[in-house]
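Commentary on secondary and tertiary structure
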Amino acid sequence: MTSATTVAWDPFDTEIDTDPHPMWKRMRDETPVYRNDTYDFYALSRYHDVEAAHRDPSTFSSARGTVLELMGNDLSGTGQLIFLDPPEHTQLRHLVSRAFTPRRTADLEDRVRGFCAQMLDAQRDRDHFDYLQDFGAKLPSMVISSLLGVPDEDRETFRHLVDGMFHIEPGVGMVNEPALEAGGQVSRYLARLMDQRREEAQDDLLTALAQAGLTRVQGTEFATLLLAAGTETVARLLGWAAVVLAREPDQRSLLVDDPS
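Quick word on the pairing of strand β1 (residues 33–36)
Every second residue of β1 is oriented toward a common face, the buried set being Y34 and N36 and the non-buried set V33 and R35. Alignment of β1 against strand β2 (residues 41–44), held across 4 bridges, turns out to be antiparallel. Within β2, the position partnered with V33 by the bridge is L44. The antiparallel pairing of β1 with β2 creates a hairpin that spans 4 residues between the two strands, and D40 there sits at a positive phi of about 60 degrees.

Overview of the packing of helix α9 (residues 177–199) against helix α11 (residues 216–247)
Pairs of packed helices are described in terms of their axes, by the angle between the two and the distance that separates them. In the contact formed by α9 and α11, the axes pass within 9 Å of each other and the chain directions differ by 125 degrees. Taken together, the axes of α9 and α11 are oblique relative to one another. α9 and α11 meet at a crossing whose hand is right-handed. Of the residues in α11, those touching α9 at V186, S187, L190, A191, R192, M194, D195 and R198 are R216, G219, T220, A223, T224 and L227.

Observations concerning the environment of D40
Considering the arrangement of structural elements, one finds D40 in the loop between β1 and β2. Residues D40 and L95, 55 residues apart in the sequence, show an inter-C-alpha distance of 36 Å. For D40, the side chain forms a polar contact with the side chain of R35, separated by 2.7 Å.

A closer look at the side chain of N36
Its location among the elements puts N36 in strand β1. Using a relative accessible area of 6% as the deciding quantity, one classes N36 as buried. A polar atom in the side chain of N36 sits 2.9 Å from the backbone oxygen of W9. In this structure, N36 is in contact with W9 and F41, ignoring residues within four places of it in sequence.

Looking at the layout of surface pockets
Here the second largest pocket is characterised by a volume of approximately 650 Å³. Around the second largest pocket sit 18 residues that line it, and Y131, F135, L238, L245 and L255 are the ones nearest its centre. If you list the elements that add at least two residues to the lining of the second largest pocket, you get α5 (102–121), α6 (131–136), α11 and α12 (249–257). Classifying every residue of the lining of the second largest pocket by side-chain character gives 15 nonpolar, no polar and 3 charged.

About the cut-offs
Residues numbered from 1 in each chain as written. Predicted model: local features only at pLDDT ≥ 70, side-chain atom pairs only at ≥ 80, totals over all residues. Heavy atoms only, no water. Buried < 20%, exposed > 50% of the residue type's maximum accessible area, 1.4 Å probe, protein only. Helix = DSSP H or I, 4+ residues; strand = E, 2+ residues; numbered from the N terminus. Pairing = 2+ DSSP bridges. Axes fitted to C-alpha atoms, helices over the stretch in contact; angles between N-to-C directions. Parallel < 35°, antiparallel > 145°, perpendicular 65-115°, else oblique. Left-handed = near helix turned anticlockwise from the far one by under 90°. Contact = heavy atoms within 4.5 Å. Polar contact = N/O pair within 3.5 Å; in protein donor to acceptor, adjacent residues only side chain to side chain. 1 Å grid on protein atoms, 1.4 Å probe; cavity = no way out; pocket = protein on both sides within 12 Å on 5 of 7 lines; lining within 4 Å. Points joined across faces, edges and corners; volume = space filled by probe spheres on them. Nonpolar A, V, L, I, M, F, W, Y, C, P; charged D, E, K, R; others polar.

Okay, structure coming up:
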């Protein structure tokens, strides 16, 4: 809630989340370094301030968490890339980069096109279909799971587990029992796959991570991060892109006329 003189941003307020831009504009204009005493945090809202903070890990450490529910504890011991600062972050990123060869990255485009054609061809004789449920929410999981080397028969289960990892419990937030259980299932499964790849290499990212010099924990944590982030964020992007293009038919026409 806000008054004429007070900016009060509650990141758990779903009413604000429905249309956050007016609040964010007020924060940029009136309180670029915003203080919330209720939840004990500061927030930067101006681009150049955020960029400067990202370049100053000695002051603004990633080890202190990435979402409000986790903020405060030192999470660097988890081994997850997003909770590490240089030089540990730099070293692990260098190891991971060995798995992303130019050939593997180039192969992704054909793979994505193939998945898109497969799902959209199935809708050709229908009057309508649910764009998000039948396409947008499925595509990212299919791509990331395929890239990692998750067997075809497990990919739909994985998609639902990733959804579970992002479950938000009212009054609790993202860190809750169902979300932690789903994350644990994903990590344990990927750890078993990683062990299999160390014994029998295949042409997939899990094998490449195992061969890049990562430990079992490092490889599993990075694979879990990639699966979760690559699935959830891109699904949201595809859904939002459909909304924006529907609202802006002139931009949609430009895209259809010139996909480049």
